[in-house]
Amino acid sequence: MLRVIETFSGIGSQVQALKNIGVDYSVEAIVEWEIGAMYAYDIIHNGPQYLLDYRHHTRDSLVTQISGYNLSNDGKQPLTDRALNSMSMRQLKAIMGAIERNNNLVDISSVHSEDLPDCDVLTYSFPCQDLSVSGHWHHNVGGINRNANNRSTLLWQVERILKEYSLEGRELPKFLLMENVSNILSEKHIHNFNEWCSFLEELGYINQVYTLDARNFGVPQSRIRTYMISSLATEEEDYANVGKYFFENNLENIALSQESIQPLSNYLRLDYSISKYRDEAIESTPVFTESRKKIYENNQILAIGQLPIDSTFARTITTKQDRHPNSGIIRYDKEILTDTNAYYRNLTPRECFLLMGFKEESFDLLMEHNYMIAADRKILAPSKLIKLAGNSIVVQVLEAIFKQVNELNEFILVDSKKKKSDEALHVTTTC
């Protein structure tokens, strides 16, 4: 069994990948401070919440308990006392349920080694905003420089935690898994990334860096991200075997072919006779303005009317679709869904989730439990759902990565240890 801790867990693309490939696993803990993400994670992976467990709470007792966590509404700034006190009872209970049911330790900066259960795999998809190319336009220039004091430097909190493992004499996780934007390898950031890699090597990890495109794994989305598997090698033979495995099974060698990419028709929901698809399409149709004319004229067309263009693919799913550039648009043809825009719509949250590798039944479950928390507001607004998808990781890529982790765990490293044990037994018997 792979015991997993997901830090910066988001909506749980890692655990979804493990489910999909049928690996025996358990999630021992997660670390996620953004309220929408932790709620979506809980519903997608655990099903409906049983809020009757919190019937003994008063509003004041819930606020008091939740105020002990460093939560965020937007993933950028801590939740204010005013925002917390304005929440409905249902929302407060939902937050508590999501924290407790997933052993969510919430704030990476306050997590210590002693707080973490034993695990085999620790994942850390730390924030990319200060590393991405687009971050430059928002003056996010610090990258992962440890003194930049920005969101991306939360990477060094993982360093602190691993140092605590060593100082306390705890067994380190056998595997670490990183995901981030490929700009982490750029000239601007590579020296800091190399510093991180050197630190892991000093602990005994072998690092395998991959830069992978989701299209190579069958998904019609041009999404290139950098991943790093760090495998703990305590013996010289382990080091050689792991290195040989990665050399012979390099995921970057998977060739991109149009035939291997799933058609867009598997991901777009264009049958507007189905009410939920029609409602979501209307919701994703912005008022046509002069600024949106640029979106209409300059972005990839993914479908015309109800006919998907299966020979093309979406651009990267980002945290916003009503923008230029975006992931692609659906051009209206004969059937116009709203008189405020007869030209196009953006991708719906459902389509974004599907293009990130999540199953439609998971999205339906999330929508079924997307409760109203005010007269005009649900727990997860459409814009929030888009953001959650854009911040996630393509599940199919993670499936390939976790297959490698599992093979290393079950066969390569285990065989190495068995061989040493057999050799030791042979020496003892001979003597």
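What you are looking at is a predicted structure, and each value in this text was computed from that prediction instead of being measured. (Residues numbered from 1 in each chain as written. Predicted model: local features only at pLDDT ≥ 70, side-chain atom pairs only at ≥ 80, totals over all residues. Heavy atoms only, no water.)

*Asks:* Please set out the overall build of the protein residue by residue, giving values where relevant.
*Replies:* Along its length, the protein carries 14 helices and 14 strands. By the compact-globule yardstick of 22 Å for 431 residues, the protein fits well, its C-alpha radius of gyration being 23 Å. Summarising its shape, the C-alpha atoms of the protein cover approximately 90 × 55 × 40 Å along the three principal directions. Counting all 431 residues of the protein, 52% fall into the buried class. (Helix = DSSP H or I, 4+ residues; strand = E, 2+ residues; numbered from the N terminus. Rg over C-alpha atoms; globule rule 2.2 N^0.38 Å. Buried < 20%, exposed > 50% of the residue type's maximum accessible area, 1.4 Å probe, protein only.)

*Asks:* Explain the packing of aromatic side chains to me, and be specific about the residues and the numbers.
*Replies:* To describe a pair of aromatic rings, you give the distance between the ring centres and the angle between the ring planes. Under the criterion given, the structure shown has 12 aromatic pairs. Taking the ring centre of F313 as reference, the NZ or CZ of R215 above it sits at 4.4 Å. (Phe/Tyr/Trp six-rings, centres within 6.5 Å; stacked < 30°, edge-to-face > 60°. Lys NZ or Arg CZ within 6 Å of the ring centre and 35° of its normal.)

*Asks:* Report on the packing of helix α2 (residues 35-46) against helix α5 (residues 89-101), specifying residues and quantitative values.
*Replies:* The interhelical angle for the contact between α2 and α5, taken along N-to-C directions, is 65°, at an axis separation of 9 Å. Crossing geometry of α2 relative to α5 is assigned as left-handed. On α5, the residues that touch I35, M38, Y39, D42 and N46 of α2 are A94, I95, G97, A98, I99 and R101. Tallied by class, the residues present in the contact of α2 with α5 amount to 7 nonpolar, 2 polar and 2 charged. (Axes fitted to C-alpha atoms, helices over the stretch in contact; angles between N-to-C directions. Left-handed = near helix turned anticlockwise from the far one by under 90°. Contact = heavy atoms within 4.5 Å. Nonpolar A, V, L, I, M, F, W, Y, C, P; charged D, E, K, R; others polar.)

*Asks:* Describe in detail the sheet that holds strand β7 (residues 224-232), supporting the description with residues and values.
*Replies:* Reading across the sheet, the 6 strands line up as β2-β1-β3-β4-β7-β5 and stay open at both edges, with mixed pairing between neighbours. Edge positions in the open sheet fall to β2 (25-31) and β5 (205-213), since each of these has one partner strand only. Direction aside, the axes of adjacent strands within the sheet are offset by 20° on average. Bridge count between strand β1 (residues 2-7) and β2: 6 bridges; the pairing is parallel. Pairing of L2 across the sheet is with Y25, part of β2. Helix-sheet contacts for helix α8 (residues 236-248) involve β5 and β7, and the interaxial angle to β5 is about 10°. (Pairing = 2+ DSSP bridges.)

*Asks:* Account for α5, with residues named and values stated.
*Replies:* Helix length check: α5, at 13 residues, gives a terminal C-alpha distance of 18 Å against a target of 18 Å (1.5 Å per residue), a fit within 8%. Listed as buried for α5 are Q91, L92, K93, A94, I95, M96, G97, A98 and I99. For α5, the secondary structure elements touched by its buried residues are α2, α3 (59-66), α4 (81-85) and β13 (372-374). Of the residues flanking the end of α5, it is N103, one or two places downstream, whose phi is positive at about 50°. (Expected span 1.5 Å × (residues − 1).)

*Asks:* So what's going on with the confidence of the model for the protein? Which residues, and what values?
*Replies:* Summarising the model, the protein shows a mean pLDDT of 91, and 91% of its residues fall at 70 or more. In this model residues 424-428 is a low-confidence stretch, pLDDT under 50, and it forms 0 contacts with partners more than four residues away in sequence or in other chains. (pLDDT = per-residue confidence, 0-100.)

*Asks:* Could you give me a rundown of unusual backbone geometry, with the residues and numbers involved?
*Replies:* Of note, the amide linkage connecting H324 to P325 takes the cis form, showing an omega dihedral of -5°. Relative to the elements of secondary structure, P325 occurs in the loop between β10 (314-315) and β11 (329-331). A positive phi angle, near 50°, is found at F8, a position not held by glycine. Within the secondary structure layout, F8 lies in the loop between β1 and α1 (13-21). What makes F8 buried here is its relative accessible area of 15%. Positive phi outside glycine occurs at N103, with the angle close to 50°. Position of N103 among the secondary structure elements: in the loop between α5 and β3 (121-124). Residue class for N103 comes out partly exposed when judged on its relative accessible area of 34%.

*Asks:* Describe the pattern of salt bridges, listing the residues and the values that go with them.
*Replies:* What the rule picks out here adds up to 18 salt bridges. Note that R345 and E351 form a salt bridge whose closest N and O atoms lie 2.9 Å from each other. This pair shows no difference in class: R345 is buried, exactly as E351 is. (Salt bridge = Lys/Arg side-chain N within 4 Å of Asp/Glu carboxyl O.)

*Asks:* Tell me about the pairing of β3, and please be specific about residues and values.
*Replies:* The side-chain alternation of β3 yields two buried faces, one formed by V121 and T123 and the other by L122 and Y124. Here β3 pairs with strand β4 (residues 175-181) via 4 bridges, running parallel. Considered in β4, the bridge of Y124 is made with M178.

*Asks:* Would you mind going over the side chain of N207 in detail, with residue names and values included?
*Replies:* With respect to the element layout, N207 can be found in strand β5. Overall, N207 belongs to the buried group, its relative accessible area being 18%. Here the side chain of N207 touches S230 through a polar contact of 2.7 Å, side chain to side chain. Contacts of N207, omitting those with residues within four sequence positions, involve C197, L200, E201, M228, I229 and S230. (Polar contact = N/O pair within 3.5 Å; in protein donor to acceptor, adjacent residues only side chain to side chain.)

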